[in-house]
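What follows is each chain in one-letter form.
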Amino acid sequence: MYAAHHFNLANLNSHCNIAGMIRRETYSEVKARLAEFSSVALIGPRQVGKTTLARLIASESEGARYLDLESPADRRRLDDPEAWFRQNGDRLVVLDEIQRMPELFAVLRGEIDRRRQLDARGGRFLILGSASMELLRQSSESLAGRISFVELGPLNVTEVVGEAPDAIEAQTDRLWARGGFPDSFLARSDRSSLQWRRDFIRTYLERDLPQFGFQVSSEQMHLFWRMLAADQGELFNAERFSRSLGVSGHTVARYLSILEKLLLVRRLEPWSVNRGKRLVKSPRIYIRDTGLLHALLDLEGTDAVRGHPVAGKSWEGLVAEQLIGAAGEAARPHFYRTGAGAEADLVLEFAPDKVWAIEIKLSSAPTMERGFHNAADDLNAERRILVHRGQDAFPMRGGVEAMPLRDAIAAVRGEISQA
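Residues numbered from 1 in each chain as written. Predicted model: local features only at pLDDT ≥ 70, side-chain atom pairs only at ≥ 80, totals over all residues. Heavy atoms only, no water.

Trainee: How do you make sense of the packing of aromatic side chains when you look at a structure like this?
Mentor: Where two aromatic rings form a pair, the distance of their centres and the angle of their planes describe that pair. Following the criterion strictly, the structure yields 11 aromatic pairs and no others. Considering the side-chain rings of Phe181 and Trp196, the 5.9 Å spacing of their centres and the 40° angle between planes classify their relative orientation as tilted. Taken together, the positions of Phe181 in the loop between α8 (168–178) and α9 (182–185) and Trp196 in helix α10 (residues 190–211) put the pair 15 residues apart, joining distant regions of the chain. Phe181 sits in the buried class, given a relative accessible area of 2%. What links up through ring pairs into an aromatic cluster is the set Phe181, Trp196, Phe200 and Tyr204. Cation over ring: Arg284 sits above Phe335, and NZ or CZ is 4.5 Å from the ring centre. (Phe/Tyr/Trp six-rings, centres within 6.5 Å; stacked < 30°, edge-to-face > 60°. Helix = DSSP H or I, 4+ residues; strand = E, 2+ residues; numbered from the N terminus. Buried < 20%, exposed > 50% of the residue type's maximum accessible area, 1.4 Å probe, protein only. Lys NZ or Arg CZ within 6 Å of the ring centre and 35° of its normal.)

Written out as C-alpha cells, the structure is:
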C-alpha cells in the first residue's frame, strides 16, 4: 500500500464527507526513474509536496541520506562534498533545494561516474528543486545523460477524489477554489486556506525571489502578479502592462519569465502551423494554481469565485493545467484562435497527425459555438472534446464528446498508454 506517502484527509470539513488519504501519483514515476537513471531531479514550486515524497522514498531505501540545503547545518556537511559523497558509498542521497548550491552539479558528475565504475546501477541521487527544468538545466549541464527530470505539480482531480467517488463534485469545487497546494487544500476552513495562500505569496515575494537570485522589487512584482490574475487566460499585451507598471517592455518580459521559471505561471503559446490562416500571435497567460489566482484576487471560497468575472477563465485555467499535467511530455499544448473567430481553448498535439481540440465550459449544460467547430476543422482534429463542470459524459452534434474533467484526464492518459 501507499499509506506513507499520502496526505491525511481527516481534517476536511464535514460537508465533504471524505475519509481517507490523498495518493500522489508521481511517487511511482520517481521510483521508476530512480531505477533507470543515475540521478533524478524532482522539481516543482515550494510547498507542493516534494520533500514529503522524497522523505518517503528515502525511508524505503536502507541507509539513505537526506540533506536540506536551506539548512546551514546540512550545508556544512558538504564543506568537502567529494569526501562526504564517498563516505556515504552507494547510499541513496537526497539533496533538497539544490538551487541553493548549484556548484554541486559539477561535483555530482564525478561522483556519479565514480559510482558507475563500481556498480552498473550508477549513482543514486534524488535532487529536489523549486524551479523550472530550464532554470535547473542551466546549472546541471554537466549532468547531461546522467539526470532525468520529473515535475511534481499541485494536487490533481484524481488525487483529491481518491477512493471517494461519491464526493467528486465537492472535491473538484474545493480543488478549484483552494488550489492544489496540499496545505491550502486541506485547511480547516476557506478562510484559513486563503490566509495560507496569502502567506505563501508574501514569502515568495519577500524571501524566495532574492534567494533565487532575482533582484526585483517585491511590490512591483506583486502588482504584476495581481495584474496577471485579473487577466487570467487573456491574450498577453506586454505594452499595456508596461504602461500600467511604468517600466520597460524588457522589464515586463523579465517579470513574466521569473514567474514561469518558478512554475507559478504558464505561457500557453498559440498554434502556428496553419500558414493560410490569420492567426493570433500573442500567448495566453495563466496563473497555474487557481488557489493562488483566487488569493491574488482576494476571493474566499467557491461562492466568491463563482460570482467573480474571472470565474470562467479560472475554470478554464484549472482544466487546462490538469490536462497538460496529465499529458506531460507526450503532448505539446497550444491554443488556437484566428482573426475570423475560430477558437479552441486548448490544443494537445500528441504527434503532427494526432491533434485534439478541446473547449472548456464552466456550465454543466454547455452549448457549442460555430467557432470551435471551425477551429477543429482547421486543425484536422482527431478528437473534439468539451470539458464541462457537470459529472456526465454525453455526445453532442458535430462529433463533440462532452465530458467532466476526470473523464478528460482519463482520455489523455489512455491516449498516452496506447502510444
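Read on for the rest.
Trainee: What should I look at first to understand the pairing of strand β11 (residues 343–351) in this one?
Mentor: Regular strands place their side chains on alternate faces of the sheet. Buried residues dominate β11, accounting for seven of its nine residues. In terms of strand pairing, strand β10 (residues 332–337) meets β11 through five bridges, oriented antiparallel. Within β11, the position partnered with Tyr336 by the bridge is Ala344. Sheet analysis places β11 next to strand β12 (residues 354–360), joined by five bridges and oriented antiparallel. When the bridges of β12 are listed, Leu346 appears paired with Ile358. (Pairing = 2+ DSSP bridges.)

Trainee: I keep staring at the nonpolar core and nothing clicks. Help me out?
Mentor: Most often, soluble globular proteins keep nonpolar side chains buried together rather than apart. Membership of the largest hydrophobic core comes to 94 residues, with the highest contact counts inside it found for Leu126, Phe224, Trp225, Leu228, Ile287 and Leu323. The element best represented in this core is helix α16 (residues 311–327), accounting for eight residues. Counting 20 residues, the second-largest nonpolar core is a separate cluster that includes Ala41, Val93, Met101 and Phe105. (Core = buried A, V, L, I, M, F, W, Y, C linked by side-chain atoms within 4.5 Å.)

Trainee: Would you explain the pairing of strand β5 (residues 93–96) in this entry?
Mentor: Burial along β5 is two-sided: the residues Val93 and Leu95 and Val94 and Asp96 are all buried. Where strand β4 (residues 65–68) and β5 come together, four bridges link them in parallel fashion. Along β5, the bridge assignment pairs Arg65 with Val93. Pairing analysis gives three bridges linking β5 to strand β6 (residues 125–129), with the strands arranged parallel. Looking across to β6, one finds that Val94 is bridged to Leu126.

Trainee: When you look at the pattern of salt bridges in this model, what are you seeing that I'm missing?
Mentor: Pairing between side chains of opposite charge can happen when the charged atoms of each approach one another. Summed over the entire model, instances satisfying the criterion amount to 37 salt bridges. A salt bridge links Arg288 to Glu151; the shortest N-O distance between them is 2.7 Å. With Arg288 in the loop between β9 (284–287) and α14 (290–296) and Glu151 in strand β7 (residues 147–151), this residue pair connects regions lying 137 residues apart in the sequence. The class for Arg288 is buried, based on a relative accessible area of 16%. (Salt bridge = Lys/Arg side-chain N within 4 Å of Asp/Glu carboxyl O.)

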